[in-house]
Amino acid sequence: MNSYRSEEIEQIIAWFESHSDNLPATAHLAKGETIVDVSKFVARCINIARSQGQNATFARQIAYLFDLKAQIETAK
């Protein structure tokens, strides 16, 4: 995926903002991808999504938000 639509970005940001009190402390997204401070990581990815959402260079950082959301929802 080259970039995300504004609606997708706003939806994922809204989801994380509404779940910010229930985020895990750490997460393992894939082999070799460990997030040691989920809150900080999410905040940084949200900043990137807001400022660079249409820039394909940053698509992976935005995709992390979708990956992390899926993992959190699966763990419930």
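Residues numbered from 1 in each chain as written. Predicted model: local features only at pLDDT ≥ 70, side-chain atom pairs only at ≥ 80, totals over all residues. Heavy atoms only, no water.

Topic: the overall build of the protein
- Within the protein, the regular secondary structure consists of three helices and two strands.
- The linear arrangement of helices and strands in the protein, starting from the amino end, is α-β-β-α-α.
- In terms of principal-axis extent, the alpha carbons of the protein reach across some 30 × 30 × 20 Å.
- Expressed as a percentage of the 76 residues in the protein, the buried residues total 30%.
- Long-range contacts, defined here as pairs at least 24 residues apart, represent 60% of the contacts in the protein between residues at least 6 apart.
- Of the roughly 4900 Å² of accessible surface on the protein, 49% is carried by carbon and sulfur atoms. (Helix = DSSP H or I, 4+ residues; strand = E, 2+ residues; numbered from the N terminus. Buried < 20%, exposed > 50% of the residue type's maximum accessible area, 1.4 Å probe, protein only. Contact = heavy atoms within 4.5 Å. Areas by Shrake-Rupley, 256 points an atom, 1.4 Å probe, with all protein chains shown as cover.)

Focus: the nonpolar core
- Residues Phe16, Val38, Val42, Leu65 and Leu68 are the most contacted members of the largest nonpolar core, which totals 21 residues.
- Every element with two or more residues in this core is listed here: helix H1 (6–18), helix H2 (38–52) and helix H3 (59–75).
- A per-element tally of this core places H3 first, with seven residues.
- Aside from chain neighbours lying at most four places away, what touches Val42 is Phe16, Leu23, Leu65 and Leu68. (Core = buried A, V, L, I, M, F, W, Y, C linked by side-chain atoms within 4.5 Å.)

Concerning H2
- In this model H2 runs 20 Å from its N-terminal to its C-terminal C-alpha over 15 residues, within 8% of the 21 Å that 1.5 Å per residue would give.
- Along H2, the residues classified as buried are Val38, Val42, Cys45, Ile46 and Ala49. Buried residues along H2 cover an arc of 105° about the axis, so they all sit on one side. With respect to the buried face of H2, the exposed residues turned more than 90 degrees away are Arg44 and Ser51.
- The elements touched by buried residues of H2 are H1, strand S1 (27–30), strand S2 (33–35) and H3. (Expected span 1.5 Å × (residues − 1). Arc of directions from axis to C-beta.)

Looking at the packing of H1 against H2
- The N-to-C vectors of H1 and H2 enclose an angle of 155°; their axes lie 10 Å apart at closest approach. Here H1 is positioned roughly antiparallel relative to H2, judged by the angle of their axes. Crossing hand, H1 versus H2: left-handed. Contacts from Ile9, Ile13, Phe16 and Glu17 in H1 reach Val42, Ile46, Ala49 and Arg50 in H2.
- Taken together, the residues of the contact of H1 with H2 break down into six nonpolar, no polar and two charged. (Axes fitted to C-alpha atoms, helices over the stretch in contact; angles between N-to-C directions. Parallel < 35°, antiparallel > 145°, perpendicular 65-115°, else oblique. Left-handed = near helix turned anticlockwise from the far one by under 90°. Nonpolar A, V, L, I, M, F, W, Y, C, P; charged D, E, K, R; others polar.)

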